[in-house]
Amino acid sequence: MNAVLPTACFRARALQFLLLCSTALVCLPALAVRPSRSAGPSARHQDPPARQRTADQRELALRAENESLSVKWHSRRATPVSVRGKGLGRPGAFSSGKGLTAGGQGRFVDDAVAVMDSLAGLYRLKDAQQEFRARSVRKDRLGHTHVSLEQVYAGLKVVGGAVAVHFDGAAEAYEANGRYVQDLDLKTAPAITGDEAETLARKNLALRTPIKGQLEADPELLIYALGDDARVAYHLTLSTFDPKSGAERREYFVDALNGDILLVFDSVAHVDAPTANGNHTPISGSILAGEGGGSVSVSGWYENTGNYYLYNKTNYWYVYNAASSGYSDNNTYAYRASVSWGTSDRVEMSAARNFAIIQNYFRTVHGLNSFDNAGAFARANMHVGSSYVNAYWDGSTFNFGDGDGFTANPLGVLDVSAHEYAHAVTDYSADLYYYGESGALNESFSDIFGANVEFFAQPDGTAAYPNVTAGQSDWLVGEDSWISTKALRDMRNPANPVTVGSGNQLPTRYKGTYWYYGTDDNAGVHYNGGVQNFFYYLLCQGGSGTNDGIPYVIAGIGRTNAEHVAYRALTVYAGPYSEYEDIRTAWISAATDLNTNWIVSVDAALEAVGVIPGLAAVAPPTFNPPEGTYGSSISVTVETATAEASIYYTLNGSEPSQSSTLYSAPLVVTSAVTIKAKAFKDGLLPSETVSASYNFLGTRIYSFPL
Ligand SMILES: [Ca+2]
Ligand SMILES: [Ca+2]
Ligand SMILES: [Zn+2]
């Protein structure tokens, strides 16, 4: 991913983007903790109606396909998810727009805009030159070049619109993908000022903390188009520091017409220059018990003042002690006056060893020169907070709590460290938006690389499953730190209560059992990644069985092959607003580039987790009569608008699946009960889970008014 900066004009924009990265919404928190699931799966959620493609779009798609292009349409938006094939950007029967053509001479940004112009009719975009500006240009190990473009409307950035155009080694465009927001028709004059937006954000912040927020930059006017209803909005960031819970950065989107808070979430920043006058030297010390507990040696730093630092100048990592008291190296770079650390700080020694491994992994396996591919130092802040059960990437540093001793031990174990590091890799590549499905994919890629790094460095401990062997590799996440359950997450079986604990099961099927529809946890970023986690496990290991109602037989391609497909899907084909439907084509395109023999396994594993083309879902069941309080026993009919779908239900509050009771006739209800129902049909996604509660007069006297 070497930056290629073909013109002076683009150079200025690229720098601006890099500067923005420490303050803007591209840098988001990445908590490893398991958040509460209060607005549970019963929260009502309705997809907006699908947009219809126009006759012109259908005609152009036909012409494109006649020229051997593959056009994959989004199921709800009337835009392609991806257009792939030779000759993109050259004049053809499908070209439209202003007639720009890609010259193929390595002027990648101009050519990318020309490609979008030639696809203008397919995307129904108006003016590619006005509507896109370059975000980044990256070259990969295959010699391909990838141009990322962000959408612009009336000169304002569109949050929710970003596409990418991909060029092969001969500078020929072969794929365009991403999300284009159609039909924007907005007056961009704001009705409130940036100062007023700030006041509204501060009012909102005051509901959460008594600490006064610090405004990081002037509010930016932009187009907020993450939902289906685009709004003119201000984006601003308020940062706070709480001595107990550490730093927070609240990212606000405030409607510029009516002052509504459209979205708020949390992100953080800091970095100092390391020491310099000395040389590398091996430092020994004992690591955390969860990682085996033995004494190890790492290549650290001897500084001429006589101190030994957990710091490596050429492998780009160092350890920092974030504690304010209790250690000889409080509030500074981790150091001792002796070359032997002994057992004096297992947290710091584990961090040093783990970050050395992580940098080696990404350099040797993926050719990445630190997370920004430009030799950025990975700073590991240890002993963060007090009894803090969390770890996060704050946009510039990696932070780890010591745990509370009953939920979790110190968090700086290898897979959690690699998970956080992968968030940094993501921020500098796909930049997956940390909300909703794109956020869940962001989380899942971090779990995937957490597992990859563990398998890279540690002996295979998978035979012990569902148990755990300290210091051995497995498909569990956080198992070497976790106490209250065997692991935080389980990629081999995300819904296994034995490993993750009852109530913490994650979905293994897109919109299947345990899919989270609520708005907590940035709309389920730590839940709905279970689907891609299990997909990755199946892609690596293969297997056969039935996954939440879907029968599958998969020949695994092996983890050391799959990790390359994963890396390419993430760093080349995923974009800021990729959802499961987009990531499906990202995995397939990545496999197509690397080894076409792998495509069949990628396809089969995607199908096994319900990530199928189109992603149309069965209509949710409805109840008649509706839930409520009744005088005597009633007969409840449960129906779905989808023909020939089967409805399964439970009466004990548990999540219905295809092994629950099949609905065949109206249910006679005589006492208080909650019916939970879900509808299934082959070839379609399951409906969401709906529930209805029935009560009866006389059984609930406490509810009468006094
Ligand atoms: Ca392990
Ligand atoms: Ca693990
Ligand atoms: Zn995370």
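In the block above lies the structure referred to throughout.
Because the structure is predicted, anything quoted here is derived from the model rather than measured. (Residues numbered from 1 in each chain as written. Chains lettered and ligands numbered in written order. Predicted model: local features only at pLDDT ≥ 70, side-chain atom pairs only at ≥ 80, totals over all residues. Heavy atoms only, no water.)

Novice: What exactly am I supposed to notice about the overall build of the chain here?
Specialist: Helix and strand counts for the chain come out as 15 helices and 34 strands. Buried residues in the chain amount to 58% of all 706 residues. The contacts in the chain between residues at least 6 apart in sequence include a share of 61% that link residues at least 24 apart. Just so you have it, the chain exposes about 27,500 Å², and 51% of that area is on carbon and sulfur atoms. (Helix = DSSP H or I, 4+ residues; strand = E, 2+ residues; numbered from the N terminus. Buried < 20%, exposed > 50% of the residue type's maximum accessible area, 1.4 Å probe, protein only. Contact = heavy atoms within 4.5 Å. Areas by Shrake-Rupley, 256 points an atom, 1.4 Å probe, with all protein chains shown as cover.)

Novice: Explain the coordination of the calcium ion (ligand 2) here, please?
Specialist: Each pair of donors in an ideal octahedron of six around a metal sits at 90 or 180 degrees, and each pair in an ideal tetrahedron of four sits at 109.5 degrees. Within the protein, the atoms that donate to the calcium ion (ligand 2) are D415 (OD), E454 (OE), E454 (OE), D474 (OD), L476 (O), E479 (OE) and E479 (OE), at distances of 2.4 to 2.7 Å. One chain supplies every donor to the calcium ion (ligand 2), and in sequence these donors are spaced D-x38-E-x19-D-x1-L-x2-E. Between the calcium ion (ligand 2) and the calcium ion (ligand 1), a spacing of 3.7 Å is present, and a bridge between the two is formed by E454. With D415 in helix α8 (residues 414-427) and L476 in strand β23 (residues 476-477), this residue pair connects regions lying 61 residues apart in the sequence. Per residue, the accessibility class of D415 equals that of L476, and both read buried. (Donors = N, O, S within 2.8 Å, 3.2 Å for Na, K, Ca; no water.)

Novice: Would you mind going over empty space enclosed by the protein with me for this structure?
Specialist: The method is simple in principle: a probe with the dimensions of a water molecule rolls over the atoms, and the space it marks as empty is what remains. Throughout the structure, instances matching the rule amount to six cavities of 30 Å³ or more. Contributing to the lining of the largest cavity are 23 residues, with A164, Y573, A574, G575 and P576 lying nearest its centre. Elements with a contribution of two residues or more to the lining of the largest cavity: β4 (132-139), β5 (145-153), β6 (156-167), β7 (173-179), α13 (559-573) and α14 (580-594). Here the lining of the largest cavity is composed, by residue class, of eleven nonpolar, eight polar and four charged. (1 Å grid on protein atoms, 1.4 Å probe; cavity = no way out; pocket = protein on both sides within 12 Å on 5 of 7 lines; lining within 4 Å. Points joined across faces, edges and corners; volume = space filled by probe spheres on them. Nonpolar A, V, L, I, M, F, W, Y, C, P; charged D, E, K, R; others polar.)

Novice: Explanation requested: the packing of α8 against helix α9 (residues 436-457) in the structure shown.
Specialist: A pair of packed helices is captured by two measures, namely the crossing angle of their axes and the spacing between those axes. Orientation of α8 relative to α9, taken along the N-to-C sense of each, is 130 degrees, at an axis distance of 7 Å. Classed by the angle they form, the pair α8 and α9 counts as oblique. The crossing of α8 and α9 is right-handed. Contact residues: α8 offers L414, D415, A418, H419, A422, H423 and T426, while α9 offers N442, E443, F445, S446, D447, F449, G450, V453, E454 and A457. Here the residues of the contact of α8 with α9 are counted per class, giving seven nonpolar, six polar and four charged. (Axes fitted to C-alpha atoms, helices over the stretch in contact; angles between N-to-C directions. Parallel < 35°, antiparallel > 145°, perpendicular 65-115°, else oblique. Left-handed = near helix turned anticlockwise from the far one by under 90°.)

Novice: Sorry if this is basic, but what is going on with the sheet that holds strand β27 (residues 622-624) here?
Specialist: Adjacent strands of a sheet form backbone hydrogen bonds with each other and so pair up, either parallel or antiparallel. Strand order across the open sheet formed by three strands is β27-β29-β32, with antiparallel pairing between neighbours. Here the strands that pair on one side only, and so sit at the sheet edges, are β27 and β32 (667-669). Strand-to-strand twist of the sheet, defined as the mean angle between neighbouring strand axes without regard to direction, takes the value 30 degrees. (Pairing = 2+ DSSP bridges.)

Novice: Which parts of the structure should I look at to understand helix α15 (residues 599-608)?
Specialist: Because each turn of an α-helix spans 3.6 residues, side chains separated by three or four positions end up pointing in the same direction. Every buried residue belonging to α15 is among I599, S601, V602, A605, L606 and A608, and all of these are buried. Looking at the buried residues of α15, the elements they touch are α12 (530-541), β25 (543-547), β26 (550-554) and α14. Backbone geometry just downstream of α15 places G610 in the positive-phi region, at approximately 75 degrees.

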